[in-house]
Amino acid sequence: MTDNSTDMFPGGLETWNSSSECCQWALVECNSQQVTGLNLYSVFPTLGKTSTVLAPIFRIKTLMSLDISYNSIQGEIPGIGLRNLSELVYLDMRGNSFNGSIPLELFHLANLEFLDLSDNMIEGVLPNDVVGLKSLKQLSLDANFIHGELPEEIGNLIELKQFTVPGNQISGRIPLSILQLRKLEVLNLQNNSFSLEIPADIGSLVNLTTLDLSKNRLSGEIPSSIRKMRKLETLQLENNMLSAWNNNLAIEPKCKLSSLSLRSCSVKGQIPSWISNQTDLIYLDLSENDLEGDFPQWLAERNLGTIILSDNKLTGSLPSQLFQSRNLSVLALSRNNFSGEWPEINTASIMVLLLSENNFSGPLPKSISNIHRLLLLDLSKNSFSGNEFPAFGPDSLIAFVDVSSNNFSGKVPSDFGLFTVMLSLSQNGFYGPLPENFSNLIMLEHLDLHDNNISGEFPAFFSQMSSVQVLILRNNSIKGSISSDLSSLSSLRILDLSNNYLKGEIPQSLGNLTGMIETPDAPLRLSEIFKFPVEIHDLIVNWKKAKQGLSIRNRDIYTFLDLSKNRLSGEIPHSLGGLKSLKLLNLSFNELSGKIPISFGDLESVETLDLSHNCLDGEIPGTFSKLLELNYLDLSNNKLGGKIPGGSQMDTLVDPKMYANNSGLCGVQIEVPCEEDLVPPGPPLRKKQEPMYSWIATGVGYPVGFLSSTAVMYVLGYFNTAPAYHRRGHRRRSLR
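All figures in this text were calculated on a predicted structure; none of them were measured in a lab.

For the rest of this paragraph, the subject is the packing of aromatic side chains. Aromatic rings in a pair are described by how distant their centres are and how their planes are angled relative to each other. Considering all chains together, one arrives at 15 aromatic pairs under this definition. Consider the rings of Tyr41 and Tyr70, whose centres lie 5.8 Å apart with planes at 75 degrees: the pair is edge-to-face. On the criterion of sequence distance, the pair formed by Tyr41 in the loop between β2 (34–39) and β3 (65–67) and Tyr70 in the loop between β3 and β4 (74–76) is long-range, its members being 29 residues apart. Both rings, one in Phe408 and one in Phe430, keep their centres 6.3 Å apart while their planes meet at 10 degrees; by these two values the pair is stacked. Linking Phe408 in strand β31 (residues 407–411) with Phe430 in strand β33 (residues 429–432), this pair joins segments that are 22 residues apart in sequence. Of the two residues, Phe408 and Phe430, neither departs from the other in class, the shared state being buried. Linked through ring pairs, Phe295, Phe323, Phe338, Trp342, Phe360, Phe384, Phe389, Phe392, Phe408, Phe416 and Phe430 together constitute an aromatic cluster. The residue whose ring lies beneath Lys565 is Phe589, and the NZ or CZ to ring-centre distance is 5.8 Å.

And the structure:
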């Protein structure tokens, strides 16, 4: 090691100094005063280090173990330097920013037993040269950009016990040579583009404990040879195009699984009975299949930790034993045909309860509020009823509650835990004023109460709910004026107060809503919290005159302000033009007057703008020509006049309904020319002056010639004897 080691490897390595023996330094392993190991896991305090920082290490030819993981090192992997470390047995480089392809020099480290290059930005293919790693026991290439097919030479690494490449772009078939890896214990090819069939003799890998082939494009039947894997504990085959086992095939694996996922594997009929013999099973996912029949009694008594049966055709009521399990943490049964009332719940272990889109009915048992560990509760789109909603204590851990689209009634429930993040009570029969203790929910980000019977004044306490990002009160009976203090909600991105009885002016302060000015940061997604699919229902919004769903994936990039269908009056605040991230602004069906603010031309992200059915006058601001994202505009039923502004986007908004019933709009969009656009007539052409006698002769000659011609025709009897069609023809000829 060199004297500048502390400069190369900072990060609190107090014992690293030039006056001490390097074998006494922290993070250094030695054997007979020779450095054999460096543990430099996450020692760099700042980002931006390039791979040249590793140069001093490559001079330590006695190294057998090197861990430089999670240091954000950038650049290509230095193959020439690694070639010098021929004694390496252990090499961990995961969690950096290495790019480029894997250097061929790496495959000449014949003593290497452990190689982890996961969580980098490595590209290219896994080359045939991998065969050089004869001693390799673990190869991990997770979460990179490796593509192409796996080389057949992978089967020559006969010492391999773990082979993991999830989260890459590897395609083609699973090479048959992989069946030669008889010592393999973990095989994880998840989330790639593998296709064709799973090798029929995959069951010959009898030492496998984990087989994860999920999220690929595999097809064909699941090989029956899998039943030979007596040591198999985790089987993940979901999200492929496989045909799974069913009861008719009478295939019963001899393994003792602890985790089984056959999601989206075309499993048909009843839940396979062979699963009942899996007494060690903890995790079961059979969602997105064609399962029918009742919830099995044996499954309710099995005491699993996770049961996911969503998106099937299961029917009947749920066994009462299911809600008495000591171990059940996750129960996901959404989008089936389950029915009946709920029994009392005598378990405290449930963390996630997803039962949406079934036919459950009756009141919720009050005991549900006693599940202290409950984090996520989704009972939406059922037929639950009752006017006394269970009260959760302030110390409850519940974070996500969705009971929308049911038949609940009574006063708006507000007894939820202080950790509540999402609360959706929409499309029920809740009535009365909004409860003031909503303001105690200091972590609440999403509050949706649309389509209820809520009344009373618009509450002032909303200004205290500083974390709120989504506030939906659409289609209720709320009256009074909009509080100017609402502008203190700096995180608010979606505000829908439409179809109420609000009156008064729109507060100028709404133009200060920071969440509608700046592009928001992406929030933490549920998929990042839970290790299985968790779906939150689309947020229903009025978009282009129709109700549409806004998925949770897009909810963080869309900002909405909808105050339509109220009794708001006065002028539109100029400040609203500062809401630069707004995607939708709807102020229609109010009593607004005055001119459209020129500042609306600064709504650079707006896609839908609806100001229809008001009393707005004056001209449409020319600044509308700057609205390059605008694809839906409605200015109808106002008192607007003048020219409709043009522009690359405004010229495409040509539906006459957008401008109907105004005081005199014109423009190319409605094919009504504006006066200033009409071509003015030019000066009269000056003809060459003729002699006076020619005009006199013309004036005299015309009547004389006409009278002479008439006399001749009369004599010939033309007007009396010629048929009508002849007369018409004569006229046509004479007009030529």
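There is more to say, and it comes next.
Here we have nine strands laid out as an open sheet, ordered β19-β21-β23-β25-β27-β29-β31-β33-β35, and parallel in their pairing. Since the sheet does not close on itself, it has two edges, and those belong to β19 (268–269) and β35 (453–454), each with one partner. As paired strands, strand β27 (residues 359–362) and strand β29 (residues 383–386) are joined by two bridges and run parallel to one another. Residue pairing in the sheet places Gly362 in a bridge with Phe384 of β29.

Here the focus is the sheet that holds strand β11 (residues 169–172). With parallel pairing, the five strands of this open sheet are ordered in space as β9-β11-β13-β15-β17. Each edge of the open sheet carries a strand with a single partner, namely β9 (147–148) and β17 (241–243). Here strand β13 (residues 193–197) pairs with strand β15 (residues 217–221) via three bridges, running parallel. Bridge pairing in β15 places Leu196 opposite Leu218.

Counting residues in hydrophobic clusters, the biggest one holds 176 residues, and the most contacted among them are Phe163 and Trp342. At the level of secondary structure, the elements contributing two or more residues to this core comprise β2 and α3 (297–300). Grouped together as the second largest cluster of nonpolar side chains are 11 residues, Ile308, Ala332, Ala399 and Val421 included.

A positive phi is found at Asn191, a non-glycine position, where the angle reads about 60 degrees. When you line up the elements, Asn191 lands in the loop between β12 (186–188) and β13. Residue Asn191 is classed as partly exposed on the basis of its relative accessible area, which comes to 38%. A positive phi angle, close to 65 degrees, is found at Leu196, a residue other than glycine.

Okay, the state of the cysteines next. For the structure on display, the rule yields one disulfide. Two residues share a disulfide in this structure: Cys666 and Cys674, whose sulfurs sit 1.9 Å from each other. Disulfide Cys666 to Cys674: torsion about the S-S bond roughly 110 degrees, handedness right-handed. Owing to a relative accessible area of 10%, Cys666 belongs among the buried residues under this scheme.

Rules behind the numbers
Residues numbered from 1 in each chain as written. Predicted model: local features only at pLDDT ≥ 70, side-chain atom pairs only at ≥ 80, totals over all residues. Heavy atoms only, no water. Phe/Tyr/Trp six-rings, centres within 6.5 Å; stacked < 30°, edge-to-face > 60°. Helix = DSSP H or I, 4+ residues; strand = E, 2+ residues; numbered from the N terminus. Buried < 20%, exposed > 50% of the residue type's maximum accessible area, 1.4 Å probe, protein only. Lys NZ or Arg CZ within 6 Å of the ring centre and 35° of its normal. Pairing = 2+ DSSP bridges. Core = buried A, V, L, I, M, F, W, Y, C linked by side-chain atoms within 4.5 Å. Disulfide = S-S within 2.5 Å.

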